[in-house]
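# Notes for the structure review
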Amino acid sequence: MKNYVKIFDTTLRDGEQSPGATMTSAEKLEVARSLARLGVDIIEAGFPAASPDDLEAVRRIAVEVGNPPIGADPASTRVPVIAGLARATRSDIAKAWEAVKSAAHPRIHTFLATSEIHMQHKLNMTRAQVLEKIGEMVAYASSLCPDVEFSPEDAGRSEPEFLYLALGEAIRAGATTLNIPDTVGYTTPDEFGALIAGVLANTPGMHAGITVSVHTHDDLGLATANALAGIRAGARQAEVTINGIGERAGNTSLEEVVMALKTRHPVFGLETSIDTTQISRVSKLVSNYTGIVVQPNKAIVGANAFAHEAGIHQDGMLKNNQTYEIMRPEDVGVSQTRLVLGKHSGRHALRARLAEMGHALDEVELDQAFARFKELADRKKHITDLDLEALMADEFYQPLSLYVLDGLQVTCGTMGLPTATLRLRGPDGKIHTRAEIGTGPVDAAYRAVNAIINTPNTLLEFNIHAITEGIDALGEVTVRVQAKNGAQTMDAQKEQLFSRIYGGHGADTDIIVASVKAYINALNKLIIAQNEAPREEYGVMLG
Ligand code: KIV
Ligand code: ZN
């Protein structure tokens, strides 16, 4: 379709590879389900060669999200393509195929660098060797899978004439999607648009069945502008991540590209399949799982994206909201102040509202959600959609439960030492109790957690915010922790660079309880990852 842009979401691959975005397999599956509901065309579910756990996570997504639900009519049920990334090696490609082959529509995405600097210093290969390798590996991928995507890594800094040759080799060997990455976010919109136009015009063997794709990084803050310039020049696939997470400064974000195409439809004349009313919810989910807080002024999904502070703006908004609003908050699923339910609402009302918000619960889950809802309604008079989202995230989207908070009491204030008494249930079901003092109640509680869990870590970030207005608001905490190498084998700088960062999230009307939940959530992930097979850190070299 000439006027359709495929949305290729790489939150679970390029996004997950960014510092601190590590997600567990269960979290990845939940994100993949949300992406499918959001309407993305392709989910890049991971890099299967990174570790056996990564392969398994991609495989589960291929099985569970890449196929119609049992009983559904396959002809009329839309399921996304599931892609797995592979370096241009037989072993990576075989692993990617192993991971995606059970999807209804599998894709192998393989890549090899084509810029002088990467070929000389990273690959140590000549141009001729690179061309040969592309032909050989794309042909191998095509022999396994009918849908193959090839990316010339660092295309943005590659010499265009050589790039065209490399892409021509990929077409000859069977690739049907050619993705053009600006791996280091170096180009400007004019340059990137011209590059895409050049690829379309000059690549040997280019034909209507080939989709040209854009993959832009944000090192100069130009990722979205570059992606849109590439689309205007003829690219019909955009590689994006939720909230723009990704290597270094991140990737262009799904929400920005999609809302630009939608809001400026007369300029672009292009469609996507995204249900934009789900954007805010998926953004929140990804932020909660990764612990990467969305900056308040982030376009589309930031807390201030639809807030109007200046008097003159507020005045204009009251007269006509189009004076200062180019999109309606509802278009992206923001319904900040909507009063949904209260203390006297019943199970049916809760189920109906959650279903409208995209949470389909079975009876057991509904009982669980209802119990939490009643508990919250006792403490908080007005419950909004945002409260319900936080409750769902806290109750259901925390699939890890090695250690679970069983009880907490803190004393603090100006009249004594801040003290926390904490009870945790451990993986073996045993209850551990510990009391600690600290500089404040959170410090005391975190010391107690550390005394029980005993996993060396550094708390890098702690964020707390009220989900809704009002003194009785739910508090939401996100933390980021980094594993500390207990054996001290690396120097401090290297350790800081290479140790993975884990995010955690917690919500409660009691902010100390929310803080402890978030910390335990992050430490659970860290412990699980330490017990998994080591991950191959290919991401150090690429974006
Ligand atoms: O930025 C990049 O070059 C990548 C490729 C693997 C597509 O992420
Ligand atoms: Zn990238």
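Quick caveat: nothing in here was measured; it's all calculated off a predicted structure.

Each helix and strand in the chain was counted, giving 19 helices and 16 strands. Expected size for 543 residues packed as a compact globule is a radius of gyration near 24 Å; at 24 Å, the chain falls within 12% of this value. On the principal axes, the C-alpha backbone points of the chain span a range of 75 × 65 × 50 Å. Buried residues in the chain amount to 54% of all 543 residues. Restricting the contact set of the chain to residue pairs at least 6 apart, pairs at least 24 apart contribute 68%. With an accessible surface of roughly 23,300 Å², the chain has 54% of that area assigned to carbon and sulfur atoms. Taking the 51 positively charged and 67 negatively charged side chains of the chain as two groups, their mean positions are separated by 2 Å.

What follows is about the nonpolar core. The tendency in soluble globular proteins is for nonpolar side chains to be buried as a group. Core analysis: the biggest nonpolar cluster contains 90 residues, and Ile7, Leu35, Leu38, Ile43, Ile180, Ile231 and Leu254 have the highest contact counts within it. Among the elements that take part in this core, helix H7 (residues 160–173) stands out by supplying eight residues, more than any other. Taken together, domain 1 (6–290) and domain 2 (306–334) each give at least three residues to this core, which thus spans both. With near-sequence residues (within four places) excluded, Leu35 lies in contact with Asp9, Leu12, Val40, Ile43, Ile242 and Val282. One finds Val477, Val516, Ile520 and Ala522 within the second-largest nonpolar core, a separate group that totals 27 residues.

It is worth spelling out the environment of Ala299 at this point. As for its position among the elements, Ala299 is in the loop between helix H12 (279–290) and helix H13 (311–319). A sequence separation of 46 residues divides Ala299 from Ser253, and the C-alpha atoms of the two residues are 9.5 Å apart. Setting aside chain neighbours within four positions, we find Ala299 in contact with Glu255 and Glu256.

Turning our attention to helix H19 (residues 511–530). Here H19 is 20 residues long and its end C-alpha atoms lie 29 Å apart, about the 28 Å a rise of 1.5 Å per residue gives. For H19, the tally of buried residues reaches 17 of 20 residues, placing the bulk of the element in the interior. Among the residues of H19, the N-terminal cap falls to Asp510, whose side-chain oxygen and the backbone nitrogen of Ile512 are separated by 2.9 Å.

Below, the discussion takes up the packing of helix H15 (residues 363–379) against helix H16 (residues 385–395). It is at 11 Å that the axes of H15 and H16 come closest, and there the two elements cross at 125°. The angle between the axes of H15 and H16 places the two elements in the oblique class. Viewed along their axes, H15 and H16 form a crossing whose handedness is right-handed. On H16, the residues that touch Gln368, Ala369, Arg372, Phe373 and Leu376 of H15 are Asp387, Leu388, Leu391, Asp394 and Glu395. Within the contact of H15 with H16, the residues separate by chemical class into five nonpolar, one polar and four charged.

We now examine the domain arrangement of the chain. Looking at the assigned domains, one finds that the chain contains domain 1 (6–290), domain 2 (306–334), domain 3 (337–383) and domain 4 (404–530). At the interface, five residues of domain 3 touch nine residues of domain 4. Together domain 3 and domain 4 conceal approximately 530 Å² of surface at their shared face, both sides included; 43% is due to carbon and sulfur atoms. Across the contact surface, domain 3 and domain 4 share zero salt bridges. Linking domain 3 with domain 4 are zero residue pairs in polar contact (both at pLDDT 80 or more). The class makeup of the residues in the side of domain 3 that touches domain 4 is one nonpolar, no polar and four charged.

Quick look at the pairing of strand E15 (residues 475–483) now. Where burial is concerned, most of E15 is hidden: nine out of the nine residues are buried. Relative to E15, strand E14 (residues 457–466) runs antiparallel, the two being bridged by nine bridges. From the neighbouring strand, His465 faces E15, where its bridge partner is Glu476. Relative to strand E16 (residues 501–508), E15 is paired through eight bridges, and the arrangement is antiparallel. By the bridge assignment, Gly475 is partnered in E16 with Asp508.

Taken together, eight strands build a closed barrel; the order of strands is E1-E2-E3-E4-E5-E6-E7-E8 and the barrel is parallel. Averaged over all adjacent pairs, the angle separating strand axes in this sheet is 25°, with direction ignored. One ladder, built from three bridges, connects strand E7 (residues 211–216) with strand E8 (residues 237–240); its direction is parallel. Directly across from Ser213, in E8, lies its bridge partner Gln237.

Whenever strands of a sheet pair, they do so through backbone hydrogen bonds, lying parallel or antiparallel. Spatially, three strands are ordered E11-E12-E13 in an open sheet, and the strand pairing comes out antiparallel. The open sheet has two edge strands, strand E11 (404–411) and strand E13 (431–437), and neither has a second partner. Across the sheet, the mean angle separating the axes of adjacent strands is 15° when strand polarity is ignored. Sheet topology places strand E12 (residues 419–425) next to E13; seven bridges connect them, and they run antiparallel.

Of note in this structure, Asn124 is not a glycine but carries a positive phi near 55°. With respect to the helices and strands, the residue Asn124 is situated in the loop between helix H5 (116–123) and helix H6 (127–144). The phi dihedral of Ile300 falls on the positive side, at around 70°, and the residue is not glycine. Within the secondary structure, Ile300 sits in the loop between H12 and H13. The class of Ile300 is buried, set by a relative accessible area of 8%.

Reading the values: rules and limits
- Residues numbered from 1 in each chain as written.
- Chains lettered and ligands numbered in written order.
- Predicted model: local features only at pLDDT ≥ 70, side-chain atom pairs only at ≥ 80, totals over all residues.
- Heavy atoms only, no water.
- Helix = DSSP H or I, 4+ residues; strand = E, 2+ residues; numbered from the N terminus.
- Rg over C-alpha atoms; globule rule 2.2 N^0.38 Å.
- Buried < 20%, exposed > 50% of the residue type's maximum accessible area, 1.4 Å probe, protein only.
- Contact = heavy atoms within 4.5 Å.
- Areas by Shrake-Rupley, 256 points an atom, 1.4 Å probe, with all protein chains shown as cover.
- Lys, Arg positive; Asp, Glu negative; His and termini not counted.
- Charge placed at Lys NZ, Arg CZ, Asp CG, Glu CD.
- Core = buried A, V, L, I, M, F, W, Y, C linked by side-chain atoms within 4.5 Å.
- Domains from an automatic or database assignment.
- Expected span 1.5 Å × (residues − 1).
- Polar contact = N/O pair within 3.5 Å; in protein donor to acceptor, adjacent residues only side chain to side chain.
- Axes fitted to C-alpha atoms, helices over the stretch in contact; angles between N-to-C directions.
- Parallel < 35°, antiparallel > 145°, perpendicular 65-115°, else oblique.
- Left-handed = near helix turned anticlockwise from the far one by under 90°.
- Nonpolar A, V, L, I, M, F, W, Y, C, P; charged D, E, K, R; others polar.
- Buried area = accessible area lost by both parts, 1.4 Å probe.
- Salt bridge = Lys/Arg side-chain N within 4 Å of Asp/Glu carboxyl O.
- Pairing = 2+ DSSP bridges.

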